[in-house]
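Okay, here's what each chain looks like letter by letter:
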Amino acid sequence: VCNFVVHDRCQKTVASPCSSIAASLIKNPVAHCWSEPFHHKRKFCNVCRKRLDDCESIHCEICEYFVHVECQDFAVADCKENATYLPGKQLSFVHHQHHWREGNLPNNSKCALCKKTCWTTECLSGYRCEWCGMTSHAACHVSITGECTFGMLEPIYLPPHAVSIPRTEVPMEAIIGVQVRRKDTLSLVSGDRVRRSASLTSVLKRLSIVLPNSCQSKCQTPLSPPYSRARSTSEEFSSGDTGRYRDSEEYAQSHPPSRDSRQDKQNKNQEERDEEVIKVYDGNTSLRRRLFRTIVVWRQASLQQVLTQALRAFHVTKDPESFHLTDLYSPEEAVVRDPAPVMRLHRKEGKRPAVFLRLKDRDNDSGEVRVYPGKLQVSQAFCTVPVDFNSTVGDLIREALNRFGLDDYNAEDYRCSEVLLDRGVTERVLSWNERPWEIMKQLGKDSIRQMELMRFYLQLKQDPHGPNLALFVGNLPPNLSERNYENILTDFLGKENKFSKIGPIYYEYGSMVITYEDSDKAVRALYTLRESKYEDKQPLLVMLLPNIEPSMIPEGVQPLLVFVNVKSGGCQGLELISSFRKLLNPYQVFDLDNGGPLPGLYVFRNIKNYKILVCGGDGTIGWVLQCLDNVGQDSQCSSPACAIVPLGTGNDLARVLRWGAGYTGGEDPLNLLRDIIDAEEIRLDRWTVVFHPEDKPDDGGGGGGGGGGGGGNKQVNSTGKKRQKLSKIKVMNEQIRKAVVTGSTSEDNSQIFVMNNYFGIGIDADLCLDFHNAREENPGKFISRLHNKSVYVKMGLRKMVGPKMCKDLHKEVRLEVDGKLVELPQVEGIIILNILSWGSGANPWGPEKDDQFSKPNHWDGMLEVVGVTGVVHLGQIQSGFRTAMRIAQGGHIKIHLNSDIPVQVDGEPWVQSPCDVVVLKSALKATMLKKLKGKMKRRNTEPSMLVSPGVQLVPLPSNDGGDSPTDPNNTTF
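Under an unreviewed UniProt entry, the name given to the chain is Diacylglycerol kinase, and the source organism is Phaedon cochleariae. In the Sequence similarities (unreviewed entry) part of its UniProt record, the chain is described as follows: "Belongs to the eukaryotic diacylglycerol kinase family."

In structure tokens:
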């Protein structure tokens, strides 16, 4: 059945179950999250154990489970169970078990028990724990202690026993935001045709899939194959159709036989006259979908032999006496009774003979069903309960409680669910008056395979997740009132599906969290809102959020909250998010394309101490820090330490913190996580940049102190292109307004930004603006670091020969540092630095030398001001041939712009009209993680690495350790 090959002398030590019974051995089934089909190299199928090299295959996005597309029907639903919180169970009584997966081990893996090599490229061999990564031989793994401590990643692992998810029919893909872009989520049949692209889009909306913006365009292309409606929840994330033959010529033409089947055909050419290929349908459902298995039997085969082959084709292990075959093409689907039936089956021209595999209806008025305890704390894996056509679900619950030793408990507090394991996991809560044996028999009519895999589960009626189910809702207009948001959502949902609570509301982003006390109502709201649009704009973004119980996180563990910008770095973001979901708990990994950082920060809001990993460019890091500023006061941990995987173009902050110039895909993601565990915490100064437009002429102008010098009433403007502001805060406090601009009355027009890296005025901002506009017009072309940098070079060359917008910049700018007027040299650009990296790794400040300036760093409360003389000077700085002109160093900077000048804050450019600019220390703090220098190189499979070391926190550098001058009038906010 499963192609398992073993030495005769090794047969007694076989630990791997056959795939025909593996599904029945799983106590708590968890559905896999399947990937797109493609070719995997040097991998083996976990079902048939053959190589995957020669044909298309798929893998689970959460665990290391690989299967051929045609083997997917028989995949075992034993993915990692990532949310196992049980109320009332204390942390000291929680013991996590290894989750073993056979085969496809990493290269050079060694057995944790015997220390010998346990990997091979020849077959499916060895075992690996999906949690801690421990590897061992098949015979050795049964001797390893069952408790798992998550290995080297324990200090940052979000333990499953601290996570709960609502007990709903919403699949895991919809909760964690796995991007399923396959078209096989639709049934490929020759019936109903989807003739317009809008039909596919509407079908995909009905699925529990969060499609990113980058994928929506793919759903608008004309469809070539005929697609029908989406499958039910049990099927929509599976492409099991391709595992069976389709009764259509179109399928045979588009799917030529594999190399193995062609070879078999050649080898059996002589014998083919004496054999017959018969199509076997396992029920009415498979006939409707025109999906079947084929068996090859001798033409003189007996009825018992044909029946045995048919049961084996569908991995049915029940007694053959309970089944019979019926002739599909006979007038009334007659029961096959002939002792040698092969040559007497009815046939249609051009088609093979076909039979139904049926359950004997009249002879089966009673039987036995298995009842599993689910999350109930009992020692038995399951119990067998006899039932007949009079037995009800209530009788089944009472008898199961008695057999589990829970007869003292009230049966009214429990419920029974029907769970199907065929092509996923589907759960349906049964009513007390339903009859279990009738359910089994009806399921047998639809599909013998589904009947074989169906289970009854006993559960408490009370959901361990609790009464509150949180939905994150985004893509609404920003900055509306709470009442307006409530009215908009109520219009979409209706009064029957209205939420019980709204909040927190993230006004600046048009996002919020709504809470339900009824899970059924929450699921209806989820699907209703997903298909809703506000004012015919983009659809609403809706996510069902898990819940974390902070008391179940062990002491010393700082869970890592991972944010991945999948649009950064080409395809590297997609590769990283897939790797992190396998290495960590998928509920701690968030795709920034689905709601940004806010959903993840909300889920982690009650954890007192955690870390953040941001995978993206400098803009992505600023985005995450901005959201932290907005939600910090509502969280237990207001300033978690942030690490970086650089996926952008410049990656200046990542360079300063030693995370590298850019992730290339060559480094093992496991090593990245190890570096984060060992990294030291360090503070990053953040600065407030305030733009205050000039006063009206009748208000008078005036020089010093940043009062603004006359001129027209121009406002802060931009290029007209949509630009993302790293942080914008309205000036509301009178004391702050006075500190920013003395004597000003135009406070409503002030705009405030938070700066993390640098602030540029003049030529560098002009170049940045041209690049920004080009990327806005053709975003699809700017997916490569090399291409982005080449565009910068081309634009710089054009600036050299074209008109100079920033000529004589020193005449248009007035600069004060720490209250002292600074005379500017003849420059075309001014750069104010917080970190010593700019323009993809260049250091404009230059190396330390003997002058009046102190040695700078990014936690000393000081900014460095440098000047550039033109485009050529910029190129020389980036090439490392020259440094910029050192102008000043201080903690409080005031600038007056006399004309329209390009400016940029952390890479976000625009053209600024005349105004006063103030740069001062911000009270918004950021704690960053700095990679240790010269880390030891370690092997992935070293057994000693499986024991996690203690977490040592490096104390933060003191902010008052510097000896730089400070201005007593500085204002910090």
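J.: Could you clarify how one ought to interpret the overall build of the chain in this entry?
T.: When helices and strands are tallied, the chain shows 24 helices and 41 strands. Sorting the 973 residues of the chain into buried and exposed places 53% on the buried side. In the chain, once contacts between residues fewer than 6 apart in sequence are set aside, the share between residues at least 24 apart is 73%. Carbon and sulfur atoms make up 48% of the accessible area of the chain, which amounts to about 44300 Å² in all.

J.: So what exactly am I meant to see when it comes to a negative patch on the surface here?
T.: A cluster of acidic side chains, namely E169, E517, D518 and D520, defines a negative patch on the protein surface. With respect to the helices and strands, the residue E169 is situated in the loop between β6 (163–164) and α3 (172–176). A residue is classified by how much of its surface remains accessible, and E169, at 52% relative accessible area, is exposed.

J.: How should the pairing of strand β20 (residues 501–506) be read in this particular structure?
T.: Each regular strand carries side chains that alternate between the two faces of the sheet. With four bridges connecting them, β20 and strand β21 (residues 511–516) associate as antiparallel partners. Along β21, the bridge assignment pairs I502 with I514. Between the antiparallel neighbours β20 and β21 lie four residues, among them G510 with a positive phi of about 65°.

J.: Help me understand the packing of aromatic side chains, please; the structure alone is not making it clear to me.
T.: Remark: the centre distance and the inter-plane angle together describe each pair of aromatic rings, the angle taken between the planes. Inspection of the entire model under this criterion finds 16 aromatic pairs. Seen from their ring centres, Y485 and Y507 are 6.2 Å apart, and the 40° between their planes marks the pair as tilted. Residue Y485 is found in helix α13 (residues 482–493), and its partner Y507 is found in the loop between β20 and β21; the two are separated by 22 residues along the sequence. Y485 gets classed as buried once you look at its relative accessible area, which sits at 0%. An angle of 65° between the planes, with centres 5.3 Å apart, marks the rings of F691 and W910 as edge-to-face. You can see F691 sitting in strand β29 (residues 687–693) and its partner W910 sitting in strand β39 (residues 908–912), a full 219 residues away along the chain. Both residues of the pair, F691 and W910, belong to the buried class. Taken together, the ring pairs connect F691, F753, F759 and W910 into an aromatic cluster. Looking at R358, its charged tip hangs above the ring of F356, at a distance of 4.1 Å from the centre.

J.: Just to check I follow, could you spell out a nonpolar patch on the surface for this structure?
T.: Where nonpolar side chains cluster on the molecular surface, the patch consists of F4, V6 and V14 and spans about 200 Å² of accessible area. Of note, V6 is situated in the segment before α1 (19–22). Accessibility expressed as a relative area gives 37% for V6, which makes it partly exposed.

J.: Looking at this structure, how should I read unusual backbone geometry?
T.: Backbone geometry follows two general trends: most residues other than glycine have a negative phi, and most peptide bonds adopt the trans configuration. That bond from G503 to P504 is cis: its omega, 0°, falls within 30 degrees of zero. Looking at the element boundaries, P504 is found in strand β20. For F150, which is not glycine, the phi torsion reads 70° and is therefore positive. Its location among the elements puts F150 in the loop between α2 (138–141) and β6. A positive phi angle is found at E333, which is not glycine, with a value near 50°. Note on placement: E333 falls in the loop between β12 (323–327) and β13 (354–359). A relative accessible area of 27% places E333 in the partly exposed class.

J.: Just to check I follow, could you spell out the pattern of salt bridges for this structure?
T.: Oppositely charged side chains can form a pair if their charged atoms are brought close together. Tallied over the full model, the rule gives 22 salt bridges. Ionic pairing is found between R344 and D338, a salt bridge with its closest N-O pair at 3.2 Å. Put simply, K921 and D685 hold a salt bridge, and the shortest N to O gap is 3.7 Å. Of this pair, K921 sits in strand β40 (residues 915–921) while D685 is found in the loop between β28 (680–684) and β29, placing the two residues 236 residues apart along the sequence. For the pair shown, K921 and D685 are each scored as buried. What you see here is one network of salt bridges that share partners, running through D78, R101, R128 and E130.

J.: Explain the packing of α13 against helix α14 (residues 519–530) to me, please; I cannot follow it from the model alone.
T.: Between two packed helices, both the angle of their axes relative to each other and the distance between the axes serve to describe the pair. The N-to-C vectors of α13 and α14 enclose an angle of 100°; their axes lie 9 Å apart at closest approach. Between α13 and α14, the angle falls in the class roughly perpendicular. Across the interface between the two elements, L489, F492 and L493 from α13 touch A525, T528 and L529 from α14. Its residues placed into classes, the contact of α13 with α14 shows five nonpolar, one polar and no charged.

J.: Mind showing me how you'd approach the environment of N468 here?
T.: Here N468 lies in the loop between β18 (455–460) and β19 (469–474). Remark: the alpha-carbon pair of N468 and T515, spanning 47 residues in sequence, is separated by 6.1 Å. Every residue in contact with N468, bar those within four places of it in the chain, is listed here: T515, Y516 and E517.

J.: I keep staring at the sheet that holds β40 and nothing clicks. Help me out?
T.: Hydrogen bonds between backbone atoms are what pair the strands of a sheet, whose relative direction is either parallel or antiparallel. Strand order in the open sheet formed by six strands is β30-β29-β40-β37-β32-β33, with antiparallel pairing between adjacent strands. Every interior strand has two partners, whereas the edge strands, β30 (751–755) and β33 (820–822), have only one. Pairs of neighbouring strands in the sheet enclose a mean axial angle of 20°, with direction left out of account. Bridging between strand β37 (residues 892–897) and β40 involves six bridges; their strand directions are antiparallel. Following the sheet pairing, H896 is matched in β40 by D916.

J.: Can you help me understand the nonpolar core in this one?
T.: Nonpolar side chains in soluble globular proteins tend to be buried together. Counting 133 residues, the largest nonpolar core has I514, F580, I612, L613, L673 and M928 as the members making the most contacts within it. A per-element tally of this core places helix α17 (residues 618–631) first, with six residues. Apart from the residues within four sequence positions on either side, M928 is in contact with I621, C642, I644, L653, L657, E680, E681, I682 and L684. The next biggest cluster of nonpolar side chains, apart from the first, holds 48 residues, and it includes A301, L376, F404 and L430.

J.: Honestly, the sheet that holds strand β22 (residues 541–545) in this entry has me stumped. Any pointers?
T.: As summarised here, the arrangement of the four strands in space is β20-β21-β19-β22, forming an open sheet in which the pairing is antiparallel. The sheet is open, and its two edges are formed by β20 and β22, each paired on a single side. Adjacent strand axes in the sheet meet at a mean angle of 20°, parallel and antiparallel pairs treated alike. By the bridge criterion, five bridges tie β19 to β21 in an arrangement that is antiparallel. Opposite A470, over in β21, you have T515 as the bridge partner.

J.: It is not clear to me how the pairing of β12 should be interpreted in this structure. Could you clarify?
T.: In terms of burial, β12 is largely enclosed, as four of its five residues are buried. Note that β12 and β13 share five bridges and pair antiparallel. For H324, the partnering residue across the bridge sits in β13 and is R358.

J.: Is there a simple way to explain the side chain of T392 in this structure?
T.: Mapped onto the secondary structure, T392 falls in the loop between β15 (383–388) and α10 (393–403). Here D395 takes part through its side chain, which lies 3.1 Å from a polar atom of the side chain of T392. If we skip the residues at most four places from it in the chain, T392 touches W432, N433, E434, R435 and P436.

Cut-off values and rules
Residues numbered from 1 in each chain as written. Predicted model: local features only at pLDDT ≥ 70, side-chain atom pairs only at ≥ 80, totals over all residues. Heavy atoms only, no water. UniProt positions renumbered as here; feature names shortened; annotations may be inferred. Helix = DSSP H or I, 4+ residues; strand = E, 2+ residues; numbered from the N terminus. Buried < 20%, exposed > 50% of the residue type's maximum accessible area, 1.4 Å probe, protein only. Contact = heavy atoms within 4.5 Å. Areas by Shrake-Rupley, 256 points an atom, 1.4 Å probe, with all protein chains shown as cover. Patch = residues over 30% accessible without salt bridge, like charges linked within 9 Å, V, L, I, M, F, W, Y side chains within 5 Å. Salt bridge = Lys/Arg side-chain N within 4 Å of Asp/Glu carboxyl O. Lys, Arg positive; Asp, Glu negative; His and termini not counted. Charge placed at Lys NZ, Arg CZ, Asp CG, Glu CD. Pairing = 2+ DSSP bridges. Phe/Tyr/Trp six-rings, centres within 6.5 Å; stacked < 30°, edge-to-face > 60°. Lys NZ or Arg CZ within 6 Å of the ring centre and 35° of its normal. Axes fitted to C-alpha atoms, helices over the stretch in contact; angles between N-to-C directions. Parallel < 35°, antiparallel > 145°, perpendicular 65-115°, else oblique. Nonpolar A, V, L, I, M, F, W, Y, C, P; charged D, E, K, R; others polar. Core = buried A, V, L, I, M, F, W, Y, C linked by side-chain atoms within 4.5 Å. Polar contact = N/O pair within 3.5 Å; in protein donor to acceptor, adjacent residues only side chain to side chain.

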